[in-house]
Amino acid sequence: MTTKQDTFIHTGTTNVPDERGYYGEYGGRFVPETLMPALDELTEAYHDAMHDPAFQGRLADLQATYTGRPTPITFAQRLTDYLGGARIYLKREDLAHTGAHKINNALGQALLAQRMGKRRIIAETGAGQHGVASATAAALLGLECHVYMGSVDIARQRPNVFRMKLLGTEVIPVDSGSRTLKDAINEAIRDWVTNVNTTYYLLGSALGPHPYPEMVRDFQSVIGTEARRQMLEQVGQLPDSCIACVGGGSNAIGLFHAFRNDETIDLIGVEAGGRGIASGQHAARFADPGIGRPGVLHGTRSFVLQDADGQIMNTHSVSAGLDYASVGPEHAYLREMERAFYTLATDEEALDAFDKLSRLEGIIPALESAHAIAEVIKRAPHMPKDAIILVNLSGRGDKDLDTVMQELGE
Ligand SMILES: *Cc1c(COP(=O)(O)O)cnc(C)c1O
C-alpha cells in the first residue's frame, strides 16, 4: 500500500545543501555565466513544485500507477543461509518500470519541465539507462526529447539506442574527446547554453550544478522512505546497515536519505574497483588517494579522478553505470562527516556476486547492483545472525547479459 507520506518528497529534512548549493566545501555551481539565470529559475520552480500538493499528487499517482511503486523488499533467505551471518533484505528497484531506479528521477524532472512550460528535453547518457528513462518519461508526457550519447557508447549499447528510438527520442552521436559519457555531458551542456529558454536539461544522477544534486536526491528519496516503512512494518525493526552502489550516487543517496538521522545505522557506498586500484583501471574516486581528490567536473565540486595537472582520468568498470570520474557532492560531504563510508568491489567480485544472487535467489541483478551485493558477501558473514542488512538492488541485469557472456567467455 502506498501511503501519502511515502510519495511526498522530503526537502529541508537536512541542513544541506545551503542556499548556494554547497555541502560543506562540495557542490556549488561551476557553469558558464549564461546558465546562471536558468539554474536560478530551475531552483525556484523546483522548490515551488515541492510545496505544491497538486504537483506532489501527480507524481505520487504516476509512481503508483505507472512506475509500479512501492517496490517491495524481499528477504534473501538462501543468500542469508549461504553466508551464515546477518539477515539480508533487498530493496527491489529492479522491479520499477524500465528496470531500474532511474525512472524515479526522470519522471519527477519531466513533470517539472512540463510545469515550467519547457516542451523540449535534453539528456545525456552513457550506457543508455538514463537515456531510456528520459525517453520514457518524455513519451508519457508528450515532450520532445533529444539524448546526447558518445559514438563509442552508441556502438556498444545498440539495444538501448533502439529503445530510445522506439520511444520517439532522437539520439545524437557525440564524436569529440573519448566519445563516451563525459563528452556527451559536455555536448548536452553546450546545447543547454544555446537553447536555454526553450529547453529543460534532465540530468541523470545526483551530480552537476545546484540544484541538480538536491533535486535528484529528493526524487530518489522515495527509495529509502518506502524501505524504512517497509522494514518497520514487515520486519519490525530498522536495518543495522544500508548498502548501495555509487556511480554518480543517486540510488545510494536515495536510499541513505531516509536513514541519515538514524545515527546507529551504517550507510555504506560501494564504488567500482574495476581491475583493482593498483591497475589504475577503476572508478573508485574515494579509494585511490593518488588520483582521487577534490576538483571540479561538470559544474560541481567533488572528488574527481585526475592526474597531477588536473586532467580528468579515464575510468574503467565492467558496469557502465559506475564508470564515471566524479561522484555526487553530497557523498563527498557524508564521507567527510563520517556519516557514510565508502568501499569498492572489483569487476571480478561483482561478477561473482552477479552469479550468486542469480543462483541463490532467482534474481539477475544489474552489474552496478552486483557491486553492492559483493559488499554484502564480504560483510554479512562477520555480522551476528540477528543483524540486518538492507541492500538496494538498483536495477535488473537484462541489459548486462552480453557483457556477462563475454566476461564468462560463453
Ligand atoms: C545508472 C545506474 C547506477 C548508477 O547510478 P547512480 O546515480 O550512482 O545510482 C546504478 N545502478 C543501475 C541499475 C543504474 O542503471
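Just above, that's the structure.
These numbers were taken from a predicted model, which means no experiment stands behind them. (Residues numbered from 1 in each chain as written. Predicted model: local features only at pLDDT ≥ 70, side-chain atom pairs only at ≥ 80, totals over all residues. Heavy atoms only, no water.)

Before going further, it helps to spend a moment on unusual backbone geometry. A cis geometry characterises the amide bond from R69 onward to P70, with omega recorded as 0°. As for its placement among the helices and strands, P70 is situated in the loop between α3 (53-67) and β3 (73-75). The linkage connecting H210 with the following residue, P211, adopts the cis geometry, with an omega of 15°. Turning to its location among the elements, P211 is positioned in the loop between β8 (199-201) and α10 (212-220). If you check the backbone angles, H298 has positive phi at about 50° while not being a glycine. Looking at where H298 falls in the secondary structure, it is placed in the loop between β11 (292-297) and β12 (300-305). Relative accessible area serves as the criterion here: at 12%, H298 is assigned to the buried category. (Helix = DSSP H or I, 4+ residues; strand = E, 2+ residues; numbered from the N terminus. Buried < 20%, exposed > 50% of the residue type's maximum accessible area, 1.4 Å probe, protein only.)

We now examine the nonpolar core. Core analysis: the biggest nonpolar cluster contains 59 residues, and L112, I121, W192, Y200, Y201, Y212 and M215 have the highest contact counts within it. Considering every element that reaches this core, the biggest residue donor is helix α2 (residues 36-50), with seven residues. Non-local contacts of Y200, meaning those with residues more than four positions away in its chain, are made with L42, Q109, L112, A113, M116, K118, R120, I121, I122, W192, Y212 and M215. (Core = buried A, V, L, I, M, F, W, Y, C linked by side-chain atoms within 4.5 Å. Contact = heavy atoms within 4.5 Å.)

Before going further, it helps to spend a moment on the site of the ligand. Taken together, 17 residues lie near the ligand, and K102, S205, G249, S250 and S394 sit nearest. Residue G248 places a main-chain N or O atom 3.2 Å away from an oxygen atom belonging to the ligand. Within the side chain of S250, a nitrogen or oxygen atom sits 2.7 Å from an oxygen atom of the ligand. If the ligand stood free it would expose 380 Å²; the protein chains cover 97% of that surface. Here the residues of the shell around the ligand are counted per class, giving four nonpolar, eleven polar and two charged. (Near = heavy atom within 4 Å. Polar contact = N/O pair within 3.5 Å; in protein donor to acceptor, adjacent residues only side chain to side chain. Areas by Shrake-Rupley, 256 points an atom, 1.4 Å probe, with all protein chains shown as cover. Nonpolar A, V, L, I, M, F, W, Y, C, P; charged D, E, K, R; others polar.)

Further remarks concern helix α15 (residues 367-379). Along its 13 residues, α15 runs 19 Å from first to last C-alpha, staying within 8% of the 18 Å computed at 1.5 Å per residue. Buried residues dominate α15, accounting for eleven of its 13 residues. Turning to α15, its buried residues are L367, E368, S369, A370, H371, A372, I373, A374, E375, V376 and I377. (Expected span 1.5 Å × (residues − 1).)

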